[in-house]
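# Geometric and topological summary
This is what each chain is made of:
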Amino acid sequence: MKVVDKINKAQNEGRTYYSFEYFPPKTEMGVQNLYDRMERMQRFGPEFVDVTWGAGGTSADLTMDIVATSQSVYGLETMMHLTCTNMPVESIDTALKAAKACGCQNILALRGDPPKGQLNWESCENGFNHAVDLVRYIRKNYGDYFCIAVAGHPEGHIDNEDKEDDLLRLKQKVDAGADLIVTQLFFDVDVFIQFVKRCRDIGITCPILPGIFPIQSHAGLKRVISFNNNAVPQKLWDDLESIKDDDQAVKDYGIDLAVEYVNQIKKETGINGFHIYTFNLERSSRLILEKLGLVPEQEYVKPLPWNPSLGPNRTKETVRPIFWKNRAQSYIQRTESWDEFPNGRWGDARSPAFGEFDRWGVSIKYPVEKRLAMWGEPQTSDDIALLFAKYCKGKLEGLPWSAQKLEPETDTIKQRLAAINLLGYLTINSQPAVNGAKSNHPVYGWGPKNGYVYQKAYIEFFIPPSKFDELVKNIGTDPEVTYFAVNKNGDLKTNTIDDEPNAVTWGVFPGKEIVQPTIVEPTAFMAWKDEAFGLWNEWAHTYDRQSLAAEVILDIYENWYLVNIVHNDFQDENGIWRLFDLEIDGDLSKKLRRGSGPL
């Protein structure tokens, strides 16, 4: 069924309606657990769900698989994102035929973000330049079969400084055949309300669905707004200031804020629906619906013990197929919140939300001019090491792997981080050991109040092969130290004896199981490897290919190792640093005498 017909019906009935957005997980187990999560969340009664298309078309096949499974196995009305990026007409035809074959009648037509490692958006050969071209193509070739949605930007598209022109381009998409507008997320509800008024004033009459993002963490909010430079009212920052170190409190605030926005939008615009950007998490979405009084009775949601298939060949089934492919390996089914707390890159790779804030693709956040101003044109690996050391000391704004300042907990180890960078261990991630800090500790605390948090020390860095061999000798047979190392080609080296996840952050809270939001495991490490090395390649493209700077950076990209080390005795604050002490005592003074310069 077309989503726009469902929306119009709900709007005419005065009934509140809602939908969920999911993105293709980074790992196979994450996909399997996403299916479990989607099945649970269909009980909340969404009018539809949509599935995103990765930056540069990177998740095209997986997106189509998830759409087909959502439609045919779970009976969810599904909308498939489709972008112009890296998509010649032949690929677009393939995607549209696949959608139609599985009964999907809904497409969100987008221009798309630049492919990973590409600074600016460029159309591909035999492809489209703009979303309006894609809308026209779908209408021309499929008539009215598909409901076509397009993106709206309440604050204006980041690539278009002229907001009036941006609004006119949105009207062009609607005039070309779009049935529905789904907006990008926003944090100032008045901006959305004005956006709706401006749309109506220029003759846009189709439904407009506001995109609602429940804030998950203070740091996560900062990352999300960095993608599109979203405006955030000062009151919101002021409200978060006193609770920013209490992750549960921030989540609760985000839920209440979303409820407030939905109620205000309904009152001032008459729009009864909203679209939740779930980031593949479950709990916040459920609580928003509960606080709005919208979680329906199960009999209303599904007349059978399961949702009937929406696949064209299976609509009359009265016996549910057992989905062995995913059920046999399902990781966790008994709880919705096992991955709710800070699920950064070193979170559980089996979570469907693993890497959630990087779903648009990891890339350097700075324009070329800013890169050159910060990093210059390094001529040697020592020049690069000095940049890393300066960043650790807070004297450089960012690096390709981090566009933000180091977390406050790094203050306790930043001197040593700077020192080992000068020795050629180019660090991109680290944390100190913590033995039972209170969960409201201003530096180390996270999670609900009245708990205790723990951390094993770990450090991640790039090193040349010769230095890796020296490091392995230093580690020797130390039972407290585990490591993973990999080069660009995927040659994994480790001293671990199995693939079990190693919890490096955990919390003990009243009335809860032990929460383990941060782990190190081979699946997660290998999922990150391509992106970590890819940033070297993107950095090199800042310079002329024949320049010495490009040659030096590409040598690291091609030949060095990415290494992660965990010191498993969390009561030993200095254990991980003893691996480097011999070099720090001797080689560092030589480096400084050779003119690495003051930090």
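Residues numbered from 1 in each chain as written. Predicted model: local features only at pLDDT ≥ 70, side-chain atom pairs only at ≥ 80, totals over all residues. Heavy atoms only, no water.

Within the open sheet, the four strands sit side by side as S10-S11-S15-S16. Their pairing is antiparallel. Two strands bound the open sheet, and with one partner strand each, they are strand S10 (434–438) and strand S16 (515–520). When strand polarity is set aside, the average angle formed by the axes of neighbouring strands in this sheet is 20°. Where strand S15 (residues 502–508) lies against S16, four bridges are found, and the strand directions are antiparallel. Paired with Ala 503 across the strands is Ile 519, a residue of S16. (Pairing = 2+ DSSP bridges. Helix = DSSP H or I, 4+ residues; strand = E, 2+ residues; numbered from the N terminus. Axes fitted to C-alpha atoms, helices over the stretch in contact; angles between N-to-C directions.)

So, on to the sheet that holds strand S14 (residues 492–494). Across the sheet, five strands lie side by side as S9-S12-S17-S13-S14; this open sheet has antiparallel pairing. Each edge of the open sheet is held by one strand with a lone partner, namely strand S9 (426–431) and S14. Going from strand to strand, the sheet's axes swing by 15° on average, the running direction of each strand aside. Sheet topology note: the strand S13 (residues 481–487)/S14 ladder contains three bridges and is antiparallel. Bridged to Val 486 within S14 is Leu 492.

Counting through the fold element by element, Asn 421 comes out in helix H16 (residues 414–422). For Asn 421, the residues in contact, after removing those within four places along its chain, are Ala 385, Phe 388, Ala 389, Cys 392, Leu 426 and Thr 427. (Contact = heavy atoms within 4.5 Å.)

Looking now at the pattern of salt bridges. Two side chains that carry opposite charge are able to pair once their charged atoms sit near each other. Scanning the model with the defined rule gives 25 salt bridges in all. Notably, a salt bridge pairs Glu 13 with Arg 15, separated by 3.1 Å at the nearest N-O pair. On the accessibility criterion, Glu 13 (46% relative accessible area) is partly exposed. Arg 286 is the salt-bridge partner of Glu 290, the closest N and O atoms lying 2.8 Å from each other. Residue Glu 290 and its partner Arg 286 are located together in helix H11 (residues 283–291), separated by four residues, close to a single helical turn. One salt-bridge network, in which partners are shared between bridges, spans Lys 6, Lys 9, Glu 13, Arg 15 and Glu 47. (Salt bridge = Lys/Arg side-chain N within 4 Å of Asp/Glu carboxyl O. Buried < 20%, exposed > 50% of the residue type's maximum accessible area, 1.4 Å probe, protein only.)

Turning to unusual backbone geometry, a few remarks are in order. In this structure, Phe 279 takes a positive phi of about 50° despite not being glycine. Of note, Phe 279 is situated in the loop between strand S8 (273–277) and H11. Even without a glycine there, the phi angle at Asn 450 is positive, about 65°.

What follows deals with a nonpolar patch on the surface. On the surface, Tyr 452, Val 508 and Ile 514 cluster together into a nonpolar patch covering about 250 Å² of accessible area. Its place among the elements puts Tyr 452 in strand S11 (residues 452–455). (Patch = residues over 30% accessible without salt bridge, like charges linked within 9 Å, V, L, I, M, F, W, Y side chains within 5 Å. Areas by Shrake-Rupley, 256 points an atom, 1.4 Å probe, with all protein chains shown as cover.)

Taken as a whole, helix H17 (residues 465–475) has its buried residues at Lys 467, Phe 468, Leu 471 and Ile 475. For H17, the buried positions fall inside an angular range of 105° around the axis, keeping them on one side. Of the residues trailing H17, Gly 476 is marked for its positive phi of about 55°. (Arc of directions from axis to C-beta.)

For the rest of this paragraph, the subject is the nonpolar core. Counting 105 residues, the largest nonpolar core has Met 80, Leu 82, Phe 187, Phe 192, Leu 236 and Phe 274 as its most contacted members. Looking at which element gives the most residues to this core, the answer is helix H10 (residues 247–269), with ten residues. With near-sequence residues (within four places) excluded, Phe 192 lies in contact with Pro 154, Thr 183, Phe 186, Ile 208, Pro 210, Ile 265 and Ile 271. Core analysis: the second largest hydrophobic core is formed by 39 residues, Ile 364, Trp 401, Val 486 and Ala 540 among them. (Core = buried A, V, L, I, M, F, W, Y, C linked by side-chain atoms within 4.5 Å.)

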